[in-house]
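These are the residues of each chain, in order.
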Amino acid sequence: MKLSRLLVRPSVLTGAGNDVWHFLRNGAGGLKAGHPLSLATARLLGQEATPRRGSVAPGVDLLDLGADVSEPGVILCLAEEEAAGPRGRATWVVWGLSRPSVNLSVGPLLGRLSSEILTENSDVELETAIYKIFSDNKITTNVKVEQVMTPLGYRIYPETPITEIQNLMLRRRVSAVPVVGASHELLGVVTIGGVLPHILPGRDSGSAAGGDIPLARQIMTRSVLCVSEDESLVVASRSMIARGVPMLPVVRDGELIGFLERLPVMRAFAEAIVTGSS
């Protein structure tokens, strides 16, 4: 989606001071009651809630009014006081966007664009400058698995012995490794739970058939939940939680291309935007 589609006119508001939330909840410069920004503000006030605040660049803040509004929008609020440049201090107000979208796409982009906007020659009409810049930029409002996944960097094969699997897990600090075929098609997954019984002290590490060292094909789990790279991150994360698995293999046309792991998912949903208290 082009960012210009999210801009809601008037796309620039100006008020005294730098407390944008105070500015919004007291009328936002005379916006009509049916304006999307007014509706988003009224929703939070009705819930006695306050918006998320963050900083996306020096002199540039972000106020996230939440995703519980059907129509997304973006507006730039400029403070008349405490100017940080020719345009003043900037606060981007966003609403109707999911938190991962704000963290992974909108916030960083607004931070990069703000320096150009705030230093623009003051005789240029600001809304025109914003639309010109934003028309060349796209954002993702629905974050996909491919944006968060870890690309395929390690794998084992059906004939890989358990000793190599153990060393790989320790070296990579992972709790599960994928087993792939000759064409990188996913055959199964070996987890710590499958390895540990064979390496406990005092236990015969060999298999029942002749005392040979167990191979990946003998201890792997064959029924594995996979996820497509185009899957919504929210949907895939719910599947991961429901199954209680540490990672989900990511496939493209049956070929393993990476993993969706818990820590990157947590980072994506966390407060990636730097807050004043962090």
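Structure's up top.
Residues numbered from 1 in each chain as written. Predicted model: local features only at pLDDT ≥ 70, side-chain atom pairs only at ≥ 80, totals over all residues. Heavy atoms only, no water.

K.L.:
It is not clear to me how the sheet that holds strand β9 (residues 227-228) should be interpreted in this structure. Could you clarify?
P.N.:
In a beta sheet, neighbouring strands pair by backbone hydrogen bonds and run either parallel or antiparallel. The strand order across the open sheet formed by four strands is β6-β11-β10-β9, and the pairing between neighbours is mixed. Only two strands of the sheet have a single partner each, and these edge strands are β6 (150-151) and β9. Two elements, strand β10 (residues 247-252) and strand β11 (residues 255-261), share six bridges in a ladder whose sense is antiparallel. Following the sheet pairing, Pro-249 is matched in β11 by Phe-259. On top of the sheet, helix α9 (residues 262-269) reaches β6 and β11; it is set at about 60° to β11, its chief contact. (Pairing = 2+ DSSP bridges. Helix = DSSP H or I, 4+ residues; strand = E, 2+ residues; numbered from the N terminus. Contact = heavy atoms within 4.5 Å. Axes fitted to C-alpha atoms, helices over the stretch in contact; angles between N-to-C directions.)

K.L.:
Would you explain the pairing of strand β8 (residues 186-191) in this entry?
P.N.:
For a regular strand, side chains alternate in direction, first toward one face of the sheet and then toward the other. Judged from the five bridges that link them, strand β7 (residues 176-180) and β8 form a sheet pairing that is antiparallel. Bridge assignment links Pro-178 to a residue of β8, and that residue is Val-189. Count of turn residues in the β7/β8 antiparallel hairpin: five residues, of which His-184 carries a positive phi of about 65°.

K.L.:
Quick question: what am I supposed to make of the layout of surface pockets here?
P.N.:
To find the voids left in a structure, one rolls a probe of water-molecule size over its atoms. Of the voids in this model, the largest pocket is the one considered here, and its volume is about 250 Å³. Forming the boundary of the largest pocket are 14 residues, of which Val-189, Thr-191, Val-224, Val-245 and Met-247 lie nearest the centre. Looking at the lining of the largest pocket, the elements that each hand over two or more residues are β8 and β10. (1 Å grid on protein atoms, 1.4 Å probe; cavity = no way out; pocket = protein on both sides within 12 Å on 5 of 7 lines; lining within 4 Å. Points joined across faces, edges and corners; volume = space filled by probe spheres on them.)

K.L.:
Hey, could you run me through empty space enclosed by the protein in this one?
P.N.:
This model, assessed by the stated rule, comprises one cavity of 30 Å³ or more. The space that makes up the largest cavity amounts to roughly 90 Å³. What lines the largest cavity is a set of 15 residues, and nearest its centre among them are Gly-15, Gly-17, Val-20, Leu-78 and Ala-79. For the lining of the largest cavity, the secondary structure elements donating two or more residues are β1 (7-15), α1 (20-25), β4 (73-79) and β5 (89-95). Within the lining of the largest cavity, the residues separate by chemical class into eight nonpolar, five polar and two charged. (Nonpolar A, V, L, I, M, F, W, Y, C, P; charged D, E, K, R; others polar.)

K.L.:
Mind showing me how you'd approach the packing of helix α8 (residues 233-243) against α9 here?
P.N.:
Where α8 contacts α9, the axes come no closer than 11 Å and their chain directions differ by 135°. Here α8 lies oblique to α9, going by the angle between them. Seen along the crossing, α8 lies across α9 with a hand that is left-handed. Residue-level inspection shows Leu-233, Val-234, Ser-237 and Met-240 of α8 in contact with α9, the latter providing Arg-262, Val-265, Ala-268 and Phe-269. Residue composition of the contact of α8 with α9, by class: six nonpolar, one polar and one charged. (Parallel < 35°, antiparallel > 145°, perpendicular 65-115°, else oblique. Left-handed = near helix turned anticlockwise from the far one by under 90°.)

K.L.:
Would you mind going over the sheet that holds strand β2 (residues 52-57) with me for this structure?
P.N.:
Pairing is mixed across the open sheet formed by five strands, whose spatial order is β1-β4-β5-β3-β2. The sheet is open, and its two borders are formed by β1 and β2, each paired with just one other strand. Pairs of neighbouring strands in the sheet enclose a mean axial angle of 25°, with direction left out of account. Of the pairings in the sheet, the one linking β2 to strand β3 (residues 60-64) comprises five bridges and is antiparallel in character. The residue of β3 that forms the bridge with Arg-52 is Asp-64. Against the sheet, helix α4 (residues 126-134) contacts β1, β4 and β5, and its axis sits at roughly 135° relative to β1.

From the geometry alone we can't say anything about function, so treat these as descriptive.
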